[in-house]
Amino acid sequence: MFTLHTSNKAENLLAHLNKVLELQPLSSPFARDVFLIQSQGMERWLSQRLADTLGVCANVDFLFPGTFYNQISQTIDPDLASDFFEREQLMWRLEARLRDLSHAELAPLQTYLQGDQLAIKRFGLAQQLAQVFDQYQLMRLDLLKRWQAGQTFTTHPAERWQRRLWLDLIADTEQPNRGQAWLQVIEQLKAAVPNTSAFALPERISVFGLTTMPPLLLD
C-alpha cells in the first residue's frame, strides 16, 4: 500500500505520521521502522518530536534515500555492488585522472588546471565533477548510456571532456553504476514474491519531508 500525506508544514506531516504509528503498529515490537529523510537536521528534529509524542524514539533507522537503496541492492544481489561509483571514491579517482590531460578531448581543462595552487584547483574540480557524475547516475542514465555507446547529445566541448573522463573511469571496473544497479533491483523486486527473502523490503517505509526525488528512486 502506498499512502501520500501532503502539507507545506512539517508539523502537519508529523501529526499524520504520529497517527499512523499509533493506529498501525508494526507486526512485531522488534521490527524496525525505516524513515527516509533528506538531512541530518531532519533526522534530529524528527527523532526529538517522535520522542516527545511517544515517550521514546528507538528501534528506528533514519536513512538518506541513496543509502537505503544501496542496502536493498546488497540484500537482493551482492553482485550489484556499486561502491566504485560512490561520490567519495569518484572524487579521488577523478583527482588522479586529472593529473594527466594529454588526451585531446581534455584540452579545455588545461586552461583552468595550471598556474598557482594547482593541487587545490585539481582537488576542487574533482569534488565538483564527482557530484555531477553522482547526479548523472540518478538523473541522466540516458546520457551515460549514450556516452558508453560512443555518442554525445551535443557538440559542446564540455560534454566531450566529461564523456572522456567518464569512459576512463568505467574502464577500471566491471561494476554497474548506481543507476544501472538500481534498475536491476527494481526488476527483481517486481518479479519477487512478497514476504520472501527475495523481496527484502522493510515492513514499512516512511518517506518524510523530501522536497524532491529523482524518478529512478521513486520507481
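The coordinates are above.
Residues numbered from 1 in each chain as written. Predicted model: local features only at pLDDT ≥ 70, side-chain atom pairs only at ≥ 80, totals over all residues. Heavy atoms only, no water.

Trainee: How would you sum up the overall build of the protein chain? Please name residues and give values.
Mentor: A count of helices and strands for the protein chain gives ten helices and three strands. Listing each helix as α and each strand as β along the protein chain from the N terminus yields α-β-α-β-α-α-α-α-α-α-α-β-α. For the protein chain, the C-alpha atoms occupy an extent of roughly 65 × 40 × 30 Å along the three principal directions. Classification of the 219 residues of the protein chain by burial places 37% in the buried group. (Helix = DSSP H or I, 4+ residues; strand = E, 2+ residues; numbered from the N terminus. Buried < 20%, exposed > 50% of the residue type's maximum accessible area, 1.4 Å probe, protein only.)

Trainee: Which residues make up the sheet that holds strand E3 (residues 205–207), and what are the values?
Mentor: With respect to topology, three strands assemble into an open sheet ordered E2-E1-E3, the strand pairing being parallel. On the outer flanks of this sheet lie strand E2 (60–63) and E3, each paired with one strand and no other. With direction set aside, neighbouring strand axes in the sheet form an average angle of 20°. Pairing geometry for strand E1 (residues 33–36) and E2, over four bridges, is parallel. Across the sheet, the residue bridging to valine 34 is aspartate 61, located in E2. In this fold helix H3 (residues 65–76) packs onto E1, E2 and E3, with an angle of close to 115° to the strand it touches most, E2. (Pairing = 2+ DSSP bridges. Axes fitted to C-alpha atoms, helices over the stretch in contact; angles between N-to-C directions. Contact = heavy atoms within 4.5 Å.)

Trainee: Residues and numbers for the pattern of salt bridges, please.
Mentor: Tallying each qualifying case throughout the model produces 13 salt bridges. Aspartate 61 serves as the salt-bridge partner of arginine 32, at 2.9 Å between the closest nitrogen and oxygen. Taken together, the positions of arginine 32 in the loop between helix H1 (10–23) and E1 and aspartate 61 in strand E2 put the pair 29 residues apart, joining distant regions of the chain. For arginine 32, a relative accessible area of 39% puts it in the partly exposed group. What makes aspartate 61 partly exposed here is its relative accessible area of 25%. Notably, a salt bridge pairs aspartate 142 with arginine 140, separated by 3.0 Å at the nearest N-O pair. (Salt bridge = Lys/Arg side-chain N within 4 Å of Asp/Glu carboxyl O.)

Trainee: If you had to explain the pairing of E1 to someone new, which residues and values would you point to?
Mentor: Of the two faces of E1, both are covered, the one formed by Asp33 and Phe35 as well as the one formed by Val34 and Leu36. Each parallel crossover has a hand, and the one from E1 via helix H2 (residues 40–54) to E2 is right-handed. In terms of strand pairing, E1 meets E3 through three bridges, oriented parallel. Each bridged residue has a counterpart across the sheet, and for valine 34 the counterpart in E3 is isoleucine 205. (Right-handed = clockwise from strand over helix to strand, strands pointing away.)

Trainee: How would you summarise the nonpolar core if you had to cite specific residues and measurements?
Mentor: Core analysis: the biggest nonpolar cluster contains 40 residues, and Leu94, Leu98, Leu109, Phe133 and Leu165 have the highest contact counts within it. If you list the elements that add at least two residues to this core, you get E1, H3, helix H4 (87–97), helix H6 (118–139), helix H7 (141–148), helix H8 (157–170), helix H9 (178–191) and helix H10 (215–218). Counting residues per element, this core draws most heavily on H6, which supplies seven residues. Beyond its immediate sequence surroundings of up to four residues, leucine 109 is in contact with Leu98, Leu101, Leu125, Trp161 and Leu165. Counting residues in each nonpolar core, the second largest holds twelve residues, with Phe35, Leu46, Leu50 and Phe208 among its members. (Core = buried A, V, L, I, M, F, W, Y, C linked by side-chain atoms within 4.5 Å.)

Trainee: Which residues make up the side chain of asparagine 18, and what values do they have?
Mentor: Its location among the elements puts asparagine 18 in helix H1. The exposure class assigned to asparagine 18 is buried, which follows from its relative accessible area of 12%. Beyond its immediate sequence surroundings of up to four residues, asparagine 18 is in contact with Leu50 and Thr53.

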